[in-house]
Amino acid sequence: MASETEPLRLYLHSEIATAHTQHGISHEDYDQYASYCTRRLHRLRHTKQVKKDLLHVRLYRSSLSTKAVVEGDCTSSGGSKAKNAYRAIDLTNLPSEQLASHVNYFLEPLYCAERCWSSSLALKAEMNSVVGDRNNNNVTSALGGGDGLNPRRYWSAGKFRAQSMKRLKKAVKYATLVEALALSTKAPPCTVSAEAADNDDDDATKEEKIAAAAVQPPVDEHTRMEARAYASFMRGNLALETNQWQTACTEYQMAMQLCEALARGLATAGHSDSPNDNDVDVDVQQLELFDFFTSRAKNVIAPLLKYCHYELQEKGLSPTEKISFLQSSFSISDGDPLQSKLHSLKNETLQTQATSGSSMSQITFRENVIPVETKELRMALLKIQDLRIDWEEEEKKKKKTNSDERTASTSPSDAKFMELLSGYDDAVSLVNKELKQLATLKSGPAVNAKKFQLVNLAGYSKYQKLKLVMGRNEELTNDIIQKSNEDDEGMTLKHLEEVTHLYDALLQDARAVASLPGGGSPDDFDGDSSSSSVVEDEFFLEATANVLRLRCLRCYYLARMHASPLVHKYSEAIALLDQAERLANEALEEIGACDQMENGDALLESLKKVAAEMRGEKCRVLALSYLSKSSTTGSGKCLLQRLQDYNIPSSPKSIAHVPPKLEPMACKPSFFDVALNYVSEYPVDELDRAMEEYNGAGTASSGILSWFRRG
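**Student:** What is the right way to look at the overall build of the protein in this model?
**Tutor:** A count of helices and strands for the protein gives 23 helices and two strands. Sorting the 711 residues of the protein into buried and exposed places 40% on the buried side. Residue pairs at least 24 apart in sequence account for 68% of intrachain contacts in the protein once pairs closer than 6 positions are excluded. Accessible area of the protein: about 42,100 Å², with a carbon and sulfur share of 53%.

Below you can see the structure in the form of C-alpha cells.
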C-alpha cells in the first residue's frame, strides 16, 4: 500500500549558510569548519532513532542500510566479526518511508559533503602558504611555526593538489547522495510479498498490486530542488578545478536556474491572502529565503558561470580585455577563482610592462627627470597607478549612489584608499632598501648620481602619498563646513572642533611636504641621503605658501572655537583673529607669487572669502568682549532689541537672537471686535445680590467644622 508518511520539508541551504556564518567560513578558517562538521556528524549519527542505520559498526549489520557484499570489494560488510568492526553502509537501500521518518538521513551526507569541501579548501590554502614560504626561504613558517609538528611540511605542490582534489571528489559524491536520497522512491521490502510475486494471476492484477505499492519521495518538491541545486553546484566546483569548462557551465547554469526557481516559488508563496497572525513567522522566513536564493544566484553562482564562459573564449582576448572582463564579473569575496585569476593576470601584465620598460621608466619630480632602473620599483609604481585608477572609479560610484553615505567606514572606496597608501609605503621601502645598500660605498660621481636618483624617488613617493591624504582630509573639511552652513544652527562647537583637528593634520602633512628630500641638481648633491638641507626651488615655495594658508585657516577656526557661547574666551579669540589675518595676507602674497601652483586661483578665491569672514567675525567678537566686561544690571534682551537702552546687562547672551524670538500678540483680534458689538451691559444688580448671599452664608456658619460645611 502507499506510504502514509508526509514528505519532509528541509531548508538545506539555510542550514549550510547558518553553519558557514557561525563556524569560520566568513573569515576563511576552513579547518575550524571541518572540525565543526566532524562534531556535528557524531551527534547526527548517534541519534537514537537512526543510529542503527548511520553508524559504521558491524553491530547493526542487520540494518537495511548495510551495503551488499560485492565480490572483490574490500569496503563491504565482510572482514572482522567483532561488533565494533567497520560496516559499509549505503543509504540508498533504505525505503522512502523510512527516509521520511527523520531529517538526519539527509543531514548526515550533507555534512559529510561540507566536511570534504572545507578540507579541500583548507589544503588549497595551506599549499599556497607552505609552498610560498618555501619559495621565499621562510623556513620557520614553512615548518609550521618552528615546532616541526606539521606532517605536510615537506609536501610538494603536486601532492597538495592531489589531496585537495581527492577531498573535493568525495564532496561531490556525498552531494550526489543527498540528491539521490531526495529523489528516492524505493519501496519497503515487504510491500510486495513473495507469494504475490509468484502468483499466476493475470497481468492486470499484477499491475494493480504494483500501483498500490508505489511510494512517494521522502521530501517535498522544494527540498528536492534544493538538493539538486546543491549537487549541481558541487559538481560545477569540481569541473572548475579540473578545467572542464563546458561541464562547469552546464552545472552552474542548472544550479542558478534552480535557485531562481526557488526564489520565485517562495515569492509566490509569500503573498498570502489569509489574515491569520500565526502565519507571520512563516512569511518572514520565506522572505529571508527569497533574499538568500536571489543573492546566491546573483552574487555566487553567476560570477562563476561568467568566469567559465570567459575561459571558453579566452583564446581570442588580449590581456587588457581579460582584465576588464574579470573586473566586470568579480563581485564576491577573496579566494574565489575570479579574483585569483584577476590578480594573476594583473601581476603578469605588471611584470611584462616592468620588464619591457615601456611604462614608468622615468618620473618627474622637482624639475628633475629621474629614471626608474630597477624592475621591482617599476612594478611598484605601476601597481600604484592601477590602484589609483580603481580607487577613483570607486569614488565616482560612491558619489553617484548617494553623497550622504560618505561616512561608511567599511565602504569599498575606503578599502581601495588604504590599499593605495600601502602601495606608496611599499615603494618607499624598496627605495630605502636600495639606499642602505649604497650607504656602505665610498662617495663618487657614479655613487652620488645613483643616490640622487633614489633620494628623489623616495621624495616623489612620499609626496604623492601626502598629497593624496591631504586632498582627502581637505575634502572632508569642506564637506563639514558646507553641511554645517546649510543647517539652521550653523557651525556648532562640535563642528568647529572637527574642522580644527582636520586642519591640524593638514598642517602637519604640509610641513612634511615642505621638508621632503630631493630637488636641486646632481652636481650639488653631496652624497648624504640623510642630510636635512632644503633646496629652495619652486616646489619648496609652493609648499611654504600652502603651510601659511593652512596656518591661517587653523587660527581662524580656533578663534571661532574660543568665541563660541560655551567657551566665551574673547580676548584669546581676538588675538587669534589678528594672527589669522596677518597669516592670510602673507599667504595671499606667497600664493600669488607662485605662478605654477596647482589650483592656485581656486585657493586664492577661497582664502579671500575667509579673510572677509575674519573681519566680520572680529567685529562680532569685539562687541561680545565689550559686553562681557560691563557689570551693570539690566534686562536679558539682546543688543539688537535695546539699541536705545544704555543700561547694559551684566551677562549678555548674544548680540541678536537668531532666529528671532516669538512676540506675544492678540489672538484673533477681529473676532473680538465683532463679538463686542453683541455684548450687553453687565447685570450689576444680580451680581451684587449673589455676592451678598454668598457672604451671608459664609458668616452664618462657625465652629471648628464650618470650613467643611461651606458650599
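**Student:** Could you clarify how one ought to interpret the pattern of salt bridges in this entry?
**Tutor:** Side-chain pairs of opposite charge can arise where the charged atoms are in close proximity. Under the criterion given, the structure shown has 21 salt bridges. R472 is the partner of E395 in a salt bridge, and the nearest nitrogen-oxygen pair spans 3.7 Å. Within this pair, whereas E395 is found in helix α15 (residues 375-401), its partner R472 is found in helix α17 (residues 445-486), the two being separated by 77 residues in sequence. Both residues of the pair, E395 and R472, count as buried. Of the charged contacts in the structure, one is a salt bridge between E474 and R549, with a shortest N-O distance of 3.0 Å. You can see E474 sitting in helix α17 and its partner R549 sitting in helix α19 (residues 538-562), a full 75 residues away along the chain. Assigned by exposure class, E474 and R549 land together as buried.

**Student:** Would you mind going over the state of the cysteines with me for this structure?
**Tutor:** In a disulfide, the sulfur atoms of two cysteines are held together by a covalent bond. For the structure on display, the rule yields zero disulfides. A disulfide-free cysteine, C249 has its sulfur positioned 4.6 Å from the sulfur of C308, the nearest such atom. Residue classification places C249 among the buried residues on the basis of a relative accessible area of 7%.

**Student:** Explain the side chain of N104 here, please?
**Tutor:** Relative to the assigned elements, N104 resides in helix α5 (residues 104-135). Separated by 3.1 Å, the side chain of N104 and the backbone oxygen of L44 make a polar contact. With residues near it in sequence (within four places) discarded, N104 still touches L44, T47, V50, L54 and P109.

**Student:** Looking at this structure, I do not really get the packing of aromatic side chains. What am I missing?
**Tutor:** The geometry of an aromatic ring pair comes down to the distance between the two centres and the angle between the two planes. In total, this model carries 14 aromatic pairs according to the counting rule given. With centroids separated by 5.9 Å and ring planes inclined at 90 degrees, the aromatic side chains of W245 and Y307 adopt a geometry described as edge-to-face. Of this pair, W245 sits in helix α11 (residues 245-270) while Y307 sits in helix α12 (residues 280-312), and the two are 62 residues apart along the sequence. Comparing W245 with Y307 shows no difference in burial state: the two are buried. Cluster of aromatic residues (ring-pair linked, three or more members): F365, Y460, Y463 and F539. One cation-aromatic arrangement involves R296 over F233; the distance from NZ or CZ to the ring centre is 4.6 Å. For the cation-ring pair, R472 lies above F417, with the distance from its terminal atom to the ring centre recorded as 4.4 Å.

**Student:** Please explain a negative patch on the surface as it appears in this structure.
**Tutor:** Negative charge collects at one region of the surface, where D685, E686, D688, E692 and E693 lie side by side. Mapped onto the fold, E693 is located in helix α23 (residues 684-700). Residue E693 is classed as exposed on the basis of its relative accessible area of 58%.

**Student:** Just checking my understanding: could you explain the nonpolar core for this structure?
**Tutor:** Across soluble globular proteins, nonpolar side chains have a tendency to be buried as a group. Among the nonpolar cores identified, the biggest contains 77 residues, and I363, L457, Y503, V513 and Y557 are the most heavily contacted of them. Of all the elements in the fold, those that place two or more residues in this core are β1 (362-365), α15, α16 (412-439), α17, α18 (493-514), α19, α20 (570-593) and α21 (600-629). The residues touching Y557, leaving out its near neighbours within four places in the chain, are I481, M491, L496, V499, T500 and Y503. I16, V50, I89 and L168 belong to the second-largest nonpolar core, a separate cluster that totals 43 residues.

**Student:** Would you mind showing me how to read the pairing of strand β2 (residues 368-371) here?
**Tutor:** Sheet faces and side chains relate simply in a regular strand, where the side chains alternate between the two faces. What you see with β2 is a clean split: N368 and I370 sit on the buried side and V369 and P371 on the side with no burial. Judged from the four bridges that link them, β1 and β2 form a sheet pairing that is antiparallel. Within β2, the residue paired with T364 across the bridge is V369. Joining the antiparallel neighbours β1 and β2 is a turn of two residues, in which R366 adopts a positive phi near 55 degrees.

**Student:** So what exactly am I meant to see when it comes to unusual backbone geometry here?
**Tutor:** Excluding glycine, residues mostly carry a negative phi; peptide bonds, for their part, are mostly trans. A positive phi angle, near 60 degrees, is found at E28, a position not held by glycine. Residue placement: E28 occurs in the loop between α1 (12-22) and α2 (30-45). For E28, a relative accessible area of 40% gives the class partly exposed. A positive phi is found at E367, a non-glycine position, where the angle reads about 65 degrees. Secondary-structure assignment places E367 in the loop between β1 and β2.

**Student:** How do you make sense of the packing of helix α7 (residues 157-182) against helix α10 (residues 221-241) when you look at a structure like this?
**Tutor:** Between two packed helices, the angle of one axis relative to the other and the distance separating the axes together describe the packing. Direction vectors running N to C along α7 and α10 enclose 160 degrees, while the axes themselves pass 8 Å from each other. Classified by the angle between their axes, α7 and α10 sit roughly antiparallel to one another. The interaxial crossing formed by α7 with α10 has left-handed handedness. Two secondary-structure elements touch here, α7 through R161, M165, L168, K169, A171, V172, A175, T176, V178, E179 and A182 and α10 through R224, A227, R228, Y230, A231, M234, R235, N237, L238 and E241. Grouping the constituent residues of the contact of α7 with α10 by class yields 12 nonpolar, two polar and seven charged.

**Student:** How should I be thinking about a nonpolar patch on the surface in this particular structure?
**Tutor:** Taken together, the side chains of Y682, V684 and L687 define a hydrophobic patch exposed on the protein surface, amounting to about 360 Å² of accessible area. Turning to its location among the elements, Y682 is positioned in the loop between α22 (669-676) and α23. With a relative accessible area of 68%, Y682 lands in the exposed category.

**Student:** Any chance you could explain the environment of A19 here in plain terms?
**Tutor:** Along the chain, A19 turns up in helix α1. Taking relative accessible area as the criterion, A19 reaches 3% and is therefore assigned buried. Between the alpha carbons of A19 and Y33 there is a distance of 8.1 Å; along the sequence they are 14 residues apart. With sequence-adjacent residues up to four places away left out, A19 is seen in contact with Y33, Y36 and Y111.

So, how was this worked out
- Residues numbered from 1 in each chain as written.
- Predicted model: local features only at pLDDT ≥ 70, side-chain atom pairs only at ≥ 80, totals over all residues.
- Heavy atoms only, no water.
- Helix = DSSP H or I, 4+ residues; strand = E, 2+ residues; numbered from the N terminus.
- Buried < 20%, exposed > 50% of the residue type's maximum accessible area, 1.4 Å probe, protein only.
- Contact = heavy atoms within 4.5 Å.
- Areas by Shrake-Rupley, 256 points an atom, 1.4 Å probe, with all protein chains shown as cover.
- Salt bridge = Lys/Arg side-chain N within 4 Å of Asp/Glu carboxyl O.
- Disulfide = S-S within 2.5 Å.
- Polar contact = N/O pair within 3.5 Å; in protein donor to acceptor, adjacent residues only side chain to side chain.
- Phe/Tyr/Trp six-rings, centres within 6.5 Å; stacked < 30°, edge-to-face > 60°.
- Lys NZ or Arg CZ within 6 Å of the ring centre and 35° of its normal.
- Patch = residues over 30% accessible without salt bridge, like charges linked within 9 Å, V, L, I, M, F, W, Y side chains within 5 Å.
- Lys, Arg positive; Asp, Glu negative; His and termini not counted.
- Charge placed at Lys NZ, Arg CZ, Asp CG, Glu CD.
- Core = buried A, V, L, I, M, F, W, Y, C linked by side-chain atoms within 4.5 Å.
- Pairing = 2+ DSSP bridges.
- Axes fitted to C-alpha atoms, helices over the stretch in contact; angles between N-to-C directions.
- Parallel < 35°, antiparallel > 145°, perpendicular 65-115°, else oblique.
- Left-handed = near helix turned anticlockwise from the far one by under 90°.
- Nonpolar A, V, L, I, M, F, W, Y, C, P; charged D, E, K, R; others polar.

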